[in-house]
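This is what each chain is made of:
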Amino acid sequence: MTPLIDPFARPISYLRVSVTDRCDFRCTYCMAEHMQFLPKKDLLTLEELDRLCSTFIRLGVQKLRITGGEPLVRRDIMTFFRTISRHLDSGALKELTLTTNGSQLAKYAGDLAACGIRRVNVSLDTLDPAKFADITRWGRLPQVLEGIEAAKAAGLRVKINTVALKGFNEAELFDLLDWCAKEDHDLTFIEVMPMGEMGEELRLDQYWPLKDLRARLAERFTLSDLTERTGGPARYVRIEETGQKVGFITPLTHNFCESCNRVRVTCTGELFMCLGQEDMADLRAPLRAAPDDALLEHAIRAAIARKPKGHDFDYSRQKVAGQVSRHMSHTGG
Ligand code: SAM
Ligand code: SF4
């Protein structure tokens, strides 16, 4: 089986799959309060998701990240995790992981660990309950903290993902850092991206460049760049005084495309070859056209052959260029 290699000689070894567009939160930078969700029939069934992921794994994907929307609110999602984990047992898949808002972790952490999941990314932008309720609109901080506790107790390594928002969590930078150190969680900051239809003004208002955040950290600590690369937009530093590792995801200000090893599939089976480009391939039609995976494999290969060299996001000149209209919850962040 020839593995998936794109036209720029980048092997595709990492797949992110959104299993639902629905969510129990309405984070202001991610969703409108009243979202129009997709009809259920448009979503891939759990069996289709399994076929799709298994085909990618057969074609060389070694790392699978499940996301959404909120993956843990999809009905019967544990059935999916249990069945797809056979590829961990066989050794074909090296890592199965998920990104979650943490609201359902208290319920599922043990089951996830039993499926061979070792790490989870939990999104958490503030440790202040009132601010948490503000930014997530529907979320409640204690529920998420309880979920994080449960994940830790189940032996899962937790990475906290924090979207850097000017005027919102700026003042909490060191509190978040201290809390993660105390709880032994990794911490990664994400620069806010121009997704969905939020007003342009609001986004520029909230935009807190991570180089500024990093400079703030450097006022108090000695930061050493780490060479570690994941093939994605994350860069890491070590805080010499504490030994803590901190990640920065700067899709807008950093060009990470040359080492890109990943593609994304939406919950309706659209394969996006690049987070910042509109081009996509429909995988649902080939999935539904035949019970075997030949058509699907052909569609995947044809799409990877069109993977672009890079993205067009750009906040320069104080306007949002290269904005893509779909929401993060649709593509799967
Ligand atoms: N619901 C899960 C969660 O919140 O972790 C998984 C899906 S969520 C879309 C994945 C990640 O995307 C979260 O860490 C979230 O903070 C981030 N995100 C959402 N909208 C974003 C935006 N406009 N810019 C940057 N990150 C965003
Ligand atoms: Fe839901 Fe995650 Fe989007 Fe927040 S960031 S609304 S938790 S999908």
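What counts and how
- Residues numbered from 1 in each chain as written.
- Chains lettered and ligands numbered in written order.
- Predicted model: local features only at pLDDT ≥ 70, side-chain atom pairs only at ≥ 80, totals over all residues.
- Heavy atoms only, no water.
- Phe/Tyr/Trp six-rings, centres within 6.5 Å; stacked < 30°, edge-to-face > 60°.
- Buried < 20%, exposed > 50% of the residue type's maximum accessible area, 1.4 Å probe, protein only.
- Lys NZ or Arg CZ within 6 Å of the ring centre and 35° of its normal.
- Near = heavy atom within 4 Å.
- Polar contact = N/O pair within 3.5 Å; in protein donor to acceptor, adjacent residues only side chain to side chain.
- Areas by Shrake-Rupley, 256 points an atom, 1.4 Å probe, with all protein chains shown as cover.
- Helix = DSSP H or I, 4+ residues; strand = E, 2+ residues; numbered from the N terminus.
- 1 Å grid on protein atoms, 1.4 Å probe; cavity = no way out; pocket = protein on both sides within 12 Å on 5 of 7 lines; lining within 4 Å.
- Points joined across faces, edges and corners; volume = space filled by probe spheres on them.
- Nonpolar A, V, L, I, M, F, W, Y, C, P; charged D, E, K, R; others polar.

**With respect to the packing of aromatic side chains**
- One pass over the full model with this rule turns up four aromatic pairs.
- Measuring from ring centre to ring centre gives 5.8 Å for Phe80 and Phe81, while their planes differ by 65°; the resulting arrangement is edge-to-face.
- On the accessibility criterion, Phe80 (1% relative accessible area) is buried.
- Judged by relative accessible area, Phe81 falls into the buried class, the value being 0%.
- The ring of Phe174 carries the charged tip of Arg220 above its face, separated from the ring centre by 3.6 Å.
- Above the ring of Tyr236, the side-chain terminus of Lys245 is found at 4.6 Å from the ring centroid.

**Remarks on the site of ligand 1**
- Close contacts around ligand 1 come from 18 residues, with Tyr29, Gly69, Thr100, Ser123 and Met193 the closest.
- Here a nitrogen atom of ligand 1 and a backbone polar atom of Tyr29 are 3.1 Å apart.
- A distance of 3.2 Å separates a nitrogen atom of ligand 1 from a polar atom in the side chain of Glu70.
- Here ligand 1 loses 95% of its free accessible area of 550 Å² to cover by the protein chains.
- For the shell around ligand 1, the secondary structure elements donating two or more residues are strand S3 (95-100), strand S5 (157-164) and strand S6 (186-191).

**What to know about empty space enclosed by the protein**
- Enumeration according to the criterion identifies one cavity of 30 Å³ or more in this entry.
- Of the pockets and cavities examined, the largest cavity occupies roughly 40 Å³.
- Lining the largest cavity, in full, are Arg119, Val120, Asn121, Arg157, Val158, Lys159 and Asp186.
- Of all the elements in the fold, those that place two or more residues in the lining of the largest cavity are strand S4 (119-123) and S5.
- Of the residues assigned to the lining of the largest cavity, the class counts are two nonpolar, one polar and four charged.

**Description of unusual backbone geometry**
- Its identity as a non-glycine residue notwithstanding, Arg137 has a phi of 60°, on the positive side.
- With respect to the secondary-structure elements, Arg137 resides in the loop between helix H5 (129-136) and helix H6 (141-153).
- With phi around 60°, Asp184 is a residue other than glycine that occupies positive phi space.

**What about the environment of Thr79?**
- As for its position among the elements, Thr79 is in helix H2 (residues 77-84).
- The exposure class assigned to Thr79 is partly exposed, which follows from its relative accessible area of 40%.
- Along the sequence, Thr79 and Glu47 sit 32 residues apart, while their C-alpha atoms lie 9.6 Å from each other.

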